[in-house]
Amino acid sequence: MRPVSDTLPLSPGCEYCQAGKWICIFLTYTCQAGCSFCPAPFHDDRIFSDFGDQQESILDIALRMNYKGISFSGGEPFLVLNRLIDWLQFFKTQAPSIYYWVYTNGLEVTEERLKRLADSGLDEIRFNIAAVGYDNPRVLNAIALAADIVPHVAVEIPSIPEDYERLVKVLPFLSSTGVKYLNLHEYIIMNPESALSPQAYKKVRIVDLKDELVCHPRSLANTERVIEFCRRQKFDFAVNNCSMDAKARQMQQRRRMRSRMIQRD
């Protein structure tokens, strides 16, 4: 999906993700938001990545395989701030050319914490405003602060048709603060039996995933609607349609990266 403006590229993190050249490190699975759409497989305090939970081994793979991006996710990484800073500083010191970003719901983000992360080498921060009702004043203030401290600020949310009006009301504020990217995921329904009638499901199977995913049948149409709204308003951020097709391409590229590692080893 093309961004709202052809002059606005997508986030480097998104580009590396689509190329399969990115490692996601989950620094904790604890979170205070309790989102109904949360896909986290755990809810305790553990570190997890596809390549283990040790800094040195992950770094070795990142350098040997020429990975371009590393993200820190959860759970809520800001609940383990010292751990987040420690991991960021370790990787940034050893691999300064890699692009680093963090995901957050924003509730624990403060100016002082943003400055510590920026000083440690953070390139991008992504806020999930859907996790906090879209217009949470505390989180919107954190986004405004981040835009002056962190080089790249994004908002990344599931594209939920029922929340269209809530989202578009806050988009002018996001544009005015300097948010550079709006990432809209195709909405995966975690509890489909309580959400829609079975015949309304959109079922998707992706390489590397054992089970089918159930998506909202109107999520992609909602994304198009949001994109058109942003075009009409001429907002100064790029919009990324992170559809299930895009995720499938991402998984294929990740498999290619891993096959290279297996061949080398």
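Scroll up to find the structure.
Not measured: the values here are computed from a predicted model.

1. Looking at the overall build of the protein chain
For step 1, the next point in the chain: If you tally the helices and strands in the protein chain, you get eight helices and nine strands.
For step 2, the next point in the chain: Within the protein chain, the proportion of its 265 residues that are buried is 52%.
For step 3, the next point in the chain: The long-range share in the protein chain, meaning contacts at least 24 apart out of those at least 6 apart in sequence, stands at 77%.
For step 4, the next point in the chain: A total accessible area of about 12500 Å² is found for the protein chain, and carbon and sulfur atoms account for 48% of it.

2. Quick notes on the pattern of salt bridges
For step 1, the next point in the chain: Using the criterion set out here, one finds ten salt bridges in the structure.
For step 2, the next point in the chain: Ionic pairing is found between R83 and D45, a salt bridge with its closest N-O pair at 2.8 Å. With R83 in helix 3 (residues 81–94) and D45 in the loop between strand 1 (22–26) and helix 2 (55–64), this pair connects stretches of sequence that are 38 residues apart.
For step 3, the next point in the chain: We note a salt bridge from D60 to R64, for which the minimum N-O separation is 2.9 Å. With D60 and R64 both in helix 2 and four residues apart, the pair spans about one turn of that helix.
For step 4, the next point in the chain: Taking relative accessible area as the criterion, D60 reaches 36% and is therefore assigned partly exposed.
For step 5, the next point in the chain: Given the relative accessible area of 32%, R64 is considered partly exposed.

3. Describing the packing of helix 3 against helix 4 (residues 111–119)
For step 1, the next point in the chain: In contact at an axis separation of 9 Å, helix 3 and helix 4 are set at 20 degrees when each is read in the N-to-C sense. By the angle between their directions, the pair helix 3 and helix 4 is classed as roughly parallel. For the pair helix 3 and helix 4, the sense of crossing is right-handed. Contact residues: L81, N82, L84, I85 and L88 in helix 3; R113, R116 and L117 in helix 4.

4. A closer look at the nonpolar core
For step 1, the next point in the chain: If you look at the biggest cluster of nonpolar residues, it comprises 69 residues, and the most contacted ones within it are F72, F91, I125, F127, I129, I143 and L171.
For step 2, the next point in the chain: With seven residues, the top contributor of residues to this core is helix 3.

5. Some details on the side chain of S73
For step 1, the next point in the chain: Inspection of the secondary structure puts S73 in strand 2 (residues 69–73).
For step 2, the next point in the chain: On the basis of relative accessible area, S73 is assigned to the buried category, the value being 11%.
For step 3, the next point in the chain: In this view, S73 contacts C24, I25, F26, L27, T28 and Y103; residues no more than four positions away in its chain are not counted.

6. Looking at the pairing of strand 3 (residues 99–104)
For step 1, the next point in the chain: Of all six residues in strand 3, six are buried, a share of seventy percent or more.
For step 2, the next point in the chain: Burial along strand 3 is two-sided: the residues Y99, W101 and Y103 and Y100, V102 and T104 are all buried.
For step 3, the next point in the chain: Sheet analysis places strand 2 next to strand 3, joined by four bridges and oriented parallel. Residue I70 lies in a different strand from strand 3, and its bridge partner there is Y100.
For step 4, the next point in the chain: A crossover connection joins strand 2 to the parallel strand 3 through helix 3; in handedness this β-α-β unit is right-handed.
For step 5, the next point in the chain: Alignment of strand 3 against strand 4 (residues 124–127), held across four bridges, turns out to be parallel. Its bridge partner being in strand 4, Y103 is matched across the sheet by R126.
For step 6, the next point in the chain: Once you follow strand 3 into helix 4 and on to strand 4, the crossover reads as right-handed.

7. Some remarks on the packing of aromatic side chains
For step 1, the next point in the chain: Throughout the structure, instances matching the rule amount to eleven aromatic pairs.
For step 2, the next point in the chain: Judged by centre distance (5.4 Å) and plane angle (15 degrees), the ring pair of F26 and Y29 falls under stacked.
For step 3, the next point in the chain: Residue F26 is classed as partly exposed on the basis of its relative accessible area, which comes to 22%.
For step 4, the next point in the chain: Taken together, Y16, W22, Y99 and W101 form an aromatic cluster joined through their ring pairs.
For step 5, the next point in the chain: In this arrangement the basic side chain of R225 is found over the ring face of Y164, its NZ or CZ atom lying 3.7 Å from the centre.

Calculation notes
- Sequence order as written defines the numbering, with residues in each chain counted from 1.
- This being a predicted model, a pLDDT of at least 70 is required before a residue's local features are given, and a value of 80 or more before pairs of side-chain atoms are given or counted; all residues contribute to the totals for chains, interfaces and linings.
- Side-chain measures were taken over the full set of non-hydrogen atoms in the model, leaving aside hydrogen atoms and water.
- Every helix listed is a DSSP run of H or I at least four residues long, and every strand listed is a run of E at least two residues long, numbered separately from the N terminus.
- Three exposure classes are used, based on accessible area relative to the maximum for each residue type with a 1.4 Å probe and protein chains only: buried under 20%, partly exposed in between, and exposed over 50%.
- For this analysis, residues touch if any pair of their heavy atoms sits within 4.5 Å.
- Surface accessibility in these figures is a Shrake-Rupley result with a 1.4 Å probe; residues are shielded only by whichever protein chains are displayed.
- Whenever a carboxyl oxygen of Asp or Glu lies within 4 Å of a side-chain nitrogen of Lys or Arg, that contact is scored as a salt bridge.
- Under this scheme, a helix contributes an axis fitted over its contacting stretch, all axes are lines through C-alpha atoms, and angles between N-to-C directions fall in the 0 to 180 degree range.
- Here the angle decides the label: under 35 degrees means roughly parallel, over 145 means roughly antiparallel, 65 to 115 means roughly perpendicular, and every other value means oblique.
- Each helix crossing is assigned a hand: it is left-handed if the near helix lies turned anticlockwise from the far helix by less than a right angle, otherwise right-handed if that turn is clockwise.
- Remark: nonpolar core denotes a set of buried residues (Ala, Val, Leu, Ile, Met, Phe, Trp, Tyr, Cys) joined through side-chain atoms within 4.5 Å.
- In this description, strands pair whenever DSSP reports at least two bridges between them.
- The path from the first strand over the helix to the second decides the hand: if it runs clockwise while the strands point away from the viewer, the crossover is right-handed.
- Classification of ring pairs uses Phe, Tyr and Trp, with its six-membered ring standing for Trp, and accepts pairs whose centres are within 6.5 Å; under 30 degrees between planes counts as stacked, over 60 as edge-to-face, and the remaining range as tilted.
- Only Lys NZ and Arg CZ are tested; either one counts as a charge over a ring when it is within 6 Å of the ring centre and within 35 degrees of the ring normal.

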